[in-house]
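One-letter residues, chain by chain:
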Amino acid sequence: MAKTSSSYVCQQCQAKFASWFGKCPSCDSWNSLVETVGVPSGSKRRAETQPLQRLVDIKTVGKKWMSTGFPDIDRLLSGGFLPGMVMLLAGNPGIGKSTLLLQIAASLKQPTLYIAGEESPEQIRYRADRVGSIPPTLSVLPELNVDAVIAAIETHKPAFVVIDSIQTMSTSDLLGAAGSIGQVRECASRLTIAAKRVGAAIAMIGHVTKTGAVAGPMTLEHIVDTVVMLEGEERLNLRILRVLKHRFGTTDETAFFSMNESGFVSASDPSRLFFSEETVGRPGMALVPALHGRRPLMVEIQALTAPTVLSYPRRVSVGLETERLHVLLAVLLRHGRVELGTEDVFMNVVGGLSLQDPGVDLAVCMAVYSGFRGRAVPGGVAFIGEVGLLGELRPPSRLADRVKEAKRFEISRLVGPNISTRDGWDVRTLEDCLRHVFEERVHG
Ligand code: TYD
Ligand code: MG
């Protein structure tokens with residue numbers, strides 16, 4: 001390969017420099033320079049072009065999906081992996097990315113290459129022993145040089161390649177260290193080109209840094225075909241896989257797993273993870289058919305209030321934005337006469353789930369009310385609805401799907417706006433809801 005030189009290109013104004021600057025000398029943007037492989041000057045020869053092909057003459061073959069061994073992940077990826085498809089698996093360190101891809105690699109019955117950039121082959125063997133049987137089609141290559149990895153892919157022509165991780169790969173054509181934005185991007189794009197040429201599916205692991213996506217793998221979003229994110233609480237064994245981008249199907253799909261001593265196990269009925277029948281009938285809990293991504297899930301919201309010992313009462317919210325809790329407490333005060341000025345309020349979404357669904361507002365209000373007054377929500381009741389600042393309730397998106405989810409859990413009365421009498425109670429304001437459920441007369 002001809003020796004190439006690298007330069008630093010500003011991502012804002014495209015200006016090129018021979019060395020790195022914190023601030024672009026041309027447009028004054030901060031941290032915008034990224035090391036990039038440059039074409040040596042004076043070598044601008046005419047590029048050779050491929051012969052044109054008429055689109056109608058191009059033969060299509062049926063898509064050859066490779067199953068991942070997890071029906072839930074196949075559903076997420078609209079069938080599994082395709083030859084030439086490049087997927088980025090992003091997530092926090094320690095969340096289980098290597099384990100998941102090793103399990104997938106072990107379940108494929110096709111030649112698979114595991115590029116070990118972070119761990120030794122012995123460590124990977126040790127992990128593989130924990131998660132199941134090891135097929136003879138699975139090989140390991142400890143290698144950090146992306147060009148050597150590509151040479152191996154071209155020689156052995158595997159059907160599936162795992163890169164663990166993209167942050168450990170580098171090319172000697174760039175000066176930056178492995179893990180720098182320039183290296184990560186260049187390595188990912190070289191691997192992508194190789195995947196398409198050889199027809200191998202590649203899954204790249206990318207660690208997300210706690211501070212966000214600065215030097216993170218998210219700079220690769222436009223290079224790869226598919227981006228999936230592995231999320232979860234490290235302490236809990238719940239793991240959630242979410243599709244952020246998918247060139248061959250829909251996004252925002254999710255799959256749930258529990259992670260135990262022998263790796264990932266599909267959670268066949270994830271709602272079971274987010275509430276238990278034991279807490280029904282106790283003050284301080286309310287159920288809601290919430291949306292997680294596009295998926296309706298029955299979730300338990302818990303709230304606890306206790307007299308504060310501080311001059312400012314505490315508001316702690318796990319799984320929902322604390323700001324939202326503040327707003328709902330103000331609405332409860334004004335429209336439900338729930339005075340929490342000297343009470344600490346703790347709110348928790350059971351199971352460690354994070355929700356961005358305004359449809360859970362009403363359930364949060366009811367859990368807080370129930371906890372504060374010491375009065376339980378009757379059995380068989382769940383809540384749904386967004387709460388407005390005037391105490392009015394708004395129907396949430398995908399109401400029909402949520403009603404269906406509630407039915408699965410023997411909810412006989414769903415309470416919220418636009419709920420038919422067949423399914424429960426149609427209430428239009430917070431006061432309405434309190435009156436119906438707790439026979440509370442808020443005014444007069
Ligand atoms: P790992 O896959 O190494 O995470 P990542 O590649 O995302 O950094 O998994 C890390 C944790 O998972 C580790 O602390 C041990 C735990 N673990 C299990 O709980 N069960 C298992 O079967 C395995 C292999 C690991
Ligand atoms: Mg790992």
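All values reported here derive from a predicted model rather than from experimental measurement.

### Quick look at the packing of aromatic side chains
On inspection of all chains with the given rule, the structure shows five aromatic pairs. On the basis of an interplanar angle of 40° and a centroid distance of 4.8 Å, the ring pair of Tyr369 and Phe438 is categorised as tilted. Here Tyr369, found in helix 8 (residues 361–373), pairs with Phe438, found in helix 10 (residues 430–438); they are 69 residues apart in sequence, far enough to count as distant. Comparing Tyr369 with Phe438, the two get one shared label, buried.

### A short note on helix 2 (residues 97–107)
The element helix 2 is extensively covered by neighbouring structure, given that 10 of its 11 residues are classed as buried. By the burial criterion, the buried members of helix 2 are Lys97, Ser98, Thr99, Leu100, Leu101, Leu102, Gln103, Ile104, Ala105 and Ala106.

### Let's talk about the domain arrangement of the chain
As far as domains go, the chain holds domain 1 (6–37), domain 2 (65–268) and domain 3 (272–438). Relative placement of domain 1 and domain 3: their C-alpha centres are 50 Å apart.

### Some details on the pattern of salt bridges
A full pass over the atoms with the stated rule returns 22 salt bridges. Between Glu405 and Arg408 there is a salt bridge, with its nearest N and O atoms 3.1 Å apart. A residue pair is termed a helical-turn pair when its members lie 3 or 4 positions apart in one helix, as Glu405 and Arg408 do in helix 9 (residues 399–408) at three residues. Overlapping salt bridges bring together Asp147, Asp173, Glu186 and Arg190 as one network.

### Some points on the sheet that holds strand 14 (residues 295–307)
In space, the four strands of this open sheet follow the order 13-14-16-15, with mixed pairing throughout. Each having just a single partner strand, strand 13 (285–292) and strand 15 (315–318) make up the two edges of the open sheet. Direction aside, the axes of adjacent strands within the sheet are offset by 20° on average. Pairing of strand 13 with strand 14, which is carried by eight bridges, proceeds in the antiparallel orientation. Across the sheet, Pro289 pairs through a bridge with Met298, a residue of strand 14. Sheet contacts for helix 8: strand 13, strand 14 and strand 16 (343–349); angle to strand 14, the most-contacted strand, approximately 35°.

### Topic: the packing of helix 4 (residues 146–156) against helix 5 (residues 181–198)
The interhelical angle for the contact between helix 4 and helix 5, taken along N-to-C directions, is 10°, at an axis separation of 10 Å. In terms of orientation, helix 4 and helix 5 fall into the roughly parallel class. For the pair helix 4 and helix 5, contact is made by Val146, Asp147, Val149, Ile150, Ile153 and Glu154 and by Cys187, Arg190, Leu191, Ala194, Arg197 and Val198, respectively. Considering only residue class, the contact of helix 4 with helix 5 consists of eight nonpolar, no polar and four charged.

### Regarding the site of ligand 1
Close contacts around ligand 1 come from 16 residues, with Gly94, Lys97, Ser98, Thr99 and Asn260 the closest. In the model, an oxygen atom of ligand 1 is placed 2.9 Å from a nitrogen or oxygen of the Gly96 main chain. Within the complex, 74% of the 560 Å² of free accessible area of ligand 1 lies under protein. Secondary-structure elements contributing two or more residues to the shell around ligand 1 are helix 2, helix 3 (121–131) and strand 11 (254–260). Taken together, the residues that form the shell around ligand 1 break down as four nonpolar, eight polar and four charged.

### Some points on the pairing of strand 11
Of all seven residues that make up strand 11, five are buried, and the element is covered over most of its length. Across five bridges, the pairing between strand 10 (residues 238–246) and strand 11 is antiparallel. Looking at strand 11, one finds that Arg239 is bridged to Phe257. Here strand 11 pairs with strand 12 (residues 263–266) via four bridges, running antiparallel. Among the inter-strand pairings, Phe257 is bridged to a residue of strand 12, identified as Ser266.

Rules behind the numbers
Residues numbered from 1 in each chain as written. Chains lettered and ligands numbered in written order. Predicted model: local features only at pLDDT ≥ 70, side-chain atom pairs only at ≥ 80, totals over all residues. Heavy atoms only, no water. Phe/Tyr/Trp six-rings, centres within 6.5 Å; stacked < 30°, edge-to-face > 60°. Helix = DSSP H or I, 4+ residues; strand = E, 2+ residues; numbered from the N terminus. Buried < 20%, exposed > 50% of the residue type's maximum accessible area, 1.4 Å probe, protein only. Domains from an automatic or database assignment. Salt bridge = Lys/Arg side-chain N within 4 Å of Asp/Glu carboxyl O. Pairing = 2+ DSSP bridges. Axes fitted to C-alpha atoms, helices over the stretch in contact; angles between N-to-C directions. Contact = heavy atoms within 4.5 Å. Parallel < 35°, antiparallel > 145°, perpendicular 65-115°, else oblique. Nonpolar A, V, L, I, M, F, W, Y, C, P; charged D, E, K, R; others polar. Near = heavy atom within 4 Å. Polar contact = N/O pair within 3.5 Å; in protein donor to acceptor, adjacent residues only side chain to side chain. Areas by Shrake-Rupley, 256 points an atom, 1.4 Å probe, with all protein chains shown as cover.

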